[in-house]
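Observations on the model geometry
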Amino acid sequence: MQENKADMAEKSLEDYVHCPFHLAMNLLEGRWKFGILYVLRREGTMRFKELERAVPGISTRMLTKELKHLESHGIVRRVAYATVPPKVEYSLTEIGESTAPVIDEISRWGERYLAETTAIPG
């Protein structure tokens, strides 16, 4: 029997408590999250538009959505200042900073991949 979309609820964090790999993948899945984490790790605290310019190809709507997701899970910190015009800054939380070894290793893998595939003739 096939479930319809209304019956399929998104898994909660509790559903993943026995599988840390699936928990991490659920929190960080998608095309943009690692790019956002990479830029915030490299640049530190950034305003929204700075972050938008630093993540190639991301739309305003998608950046907003991904930042809300990362913030709701305590990975990114959002600080809004009561100024005119409004000022909002984003940075990594302590748990967000702990993704550094993963981000660094993905970067090293990318470097190795480029070196190996560009060295292969034709």
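Just above, that's the structure.
The structure contained in this document is the topic of the report that follows. (Residues numbered from 1 in each chain as written. Predicted model: local features only at pLDDT ≥ 70, side-chain atom pairs only at ≥ 80, totals over all residues. Heavy atoms only, no water.)

Re the packing of helix α2 (residues 33-43) against helix α4 (residues 60-72)
Following both chains from N to C, one finds α2 and α4 inclined at 75°, their axes separated by 10 Å at the closest point. Taken together, α2 and α4 sit at an angle that is classed as roughly perpendicular. Of the residues in α4, those in contact with Lys33, Ile36 and Leu37 of α2 are Leu63, Glu66, Leu67, His69 and Leu70. Tallied by class, the residues present in the contact of α2 with α4 amount to five nonpolar, one polar and two charged. (Axes fitted to C-alpha atoms, helices over the stretch in contact; angles between N-to-C directions. Helix = DSSP H or I, 4+ residues; strand = E, 2+ residues; numbered from the N terminus. Parallel < 35°, antiparallel > 145°, perpendicular 65-115°, else oblique. Contact = heavy atoms within 4.5 Å. Nonpolar A, V, L, I, M, F, W, Y, C, P; charged D, E, K, R; others polar.)

Description of the pairing of strand β3 (residues 87-92)
Residues in a regular strand point their side chains to alternate faces of the sheet. Among the six residues of β3, five are classified as buried, and the element is accordingly described as predominantly covered. When strand β1 (residues 46-47) meets β3, the two strands line up antiparallel, connected through two bridges. Directly across from Arg47, in β3, lies its bridge partner Glu89. Note: strand β2 (residues 76-81) against β3, six bridges, orientation antiparallel. Bridge pairing links Arg77 to Ser91 in β3. Turn length for the β2-β3 hairpin, with the two strands adjacent in sequence and antiparallel, is five residues. (Buried < 20%, exposed > 50% of the residue type's maximum accessible area, 1.4 Å probe, protein only. Pairing = 2+ DSSP bridges.)

Read these as spatial facts, not as claims about activity.
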